[in-house]
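Residue-level structural notes
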Amino acid sequence: MQLRSLALIATLIAMPASAADFTLKSDALASGKLAPAQYANAFGCSGGNVSPDLRWDNAPAGTRSFAVTVYDPDAPTGSGWWHWVVANLPADTSALPAGAGSAAGKLPAAAMQLNTDTGQPGFLGACPPVGETHRYIVTVHALSVERFDLPAHATPAMLGFMMRSVTLGRASLKATGGR
């Protein structure tokens, strides 16, 4: 029994870094609160509607692409709200600049912004109801496939289903916002 335990320990030590080492950072979200730039300029909000800067490190071995999602689980819809969904980011991508989610944003050529809950592709900033504070979960998904062949009308749910069996790891940040 001891020999088997030692063999297991030796195997674990020899394993490469785990997905737990995969990290996501953002200067815009470093305080844990949304900046005015990350609020929408719609639905009664007057923010900058700028997607936050993102950078990630230590993606799991075998990563062939990334996807980025921004989700509000507290939206009063019964299903949350998808603020930004990007698929097909090449494996050599390790950062996105602030504003990458706008129409003139700086995404890699292969990347695809999916329709969010507005029915349009691109980033839509936060705009929680007055008096409420919502959580915004920003996630980078490391994937074992180079790309997804997605139709132009693909939804966040469709991408989530497709990512389910090919996700090697995730790195997330949480920020709150209210008005």
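Whatever comes next refers back to the structure up there.
Residues numbered from 1 in each chain as written. Predicted model: local features only at pLDDT ≥ 70, side-chain atom pairs only at ≥ 80, totals over all residues. Heavy atoms only, no water.

**Quick look at unusual backbone geometry**
- In this model, F43 sits at a positive phi of 55°, which is unusual for a non-glycine residue.
- The topology assignment puts F43 in the loop between β1 (23–25) and β2 (54–57).
- With a phi angle near 55°, N49 is a residue other than glycine that sits in the positive phi range.
- Inspection of the secondary structure assignment puts N49 in the loop between β1 and β2.
- By relative accessible area, N49 is classed as partly exposed at 24%. (Helix = DSSP H or I, 4+ residues; strand = E, 2+ residues; numbered from the N terminus. Buried < 20%, exposed > 50% of the residue type's maximum accessible area, 1.4 Å probe, protein only.)

**Considering the sheet that holds strand β4 (residues 81–90)**
- A sheet is described by the order of its strands in space; here five strands give the open sequence β6-β4-β3-β7-β8, paired in antiparallel fashion. Of all the strands in the sheet, the pair left with one neighbour each is β6 (112–113) and β8 (167–178).
- Where strand β3 (residues 65–72) and strand β7 (residues 133–143) come together, seven bridges link them in antiparallel fashion. When the sheet's bridge partners are listed, T69 is paired in β7 with T139.
- Packing of helix α2 (residues 156–163) onto the sheet brings it into contact with β3, β4, β7 and β8, and relative to β4 it is tilted by some 50°. (Pairing = 2+ DSSP bridges. Contact = heavy atoms within 4.5 Å. Axes fitted to C-alpha atoms, helices over the stretch in contact; angles between N-to-C directions.)

**What to know about the packing of aromatic side chains**
- By the definition in use, this model includes five aromatic pairs.
- Here W84 and F123 contribute two aromatic rings whose centre-to-centre distance is 5.8 Å and whose plane-to-plane angle is 85°, an arrangement assigned as edge-to-face. With a gap of 39 residues between them, W84 in strand β4 and F123 in the loop between β6 and β7 connect regions that are remote in the sequence.
- Overall, the relative accessible area of 0% leaves W84 in the buried class.
- The class of F123 is buried, set by a relative accessible area of 9%.
- Every member of this aromatic cluster is reached through a ring pair, and the members are F22, W56 and F66. (Phe/Tyr/Trp six-rings, centres within 6.5 Å; stacked < 30°, edge-to-face > 60°.)

The values reported here are purely geometric and, on their own, carry no functional implication.
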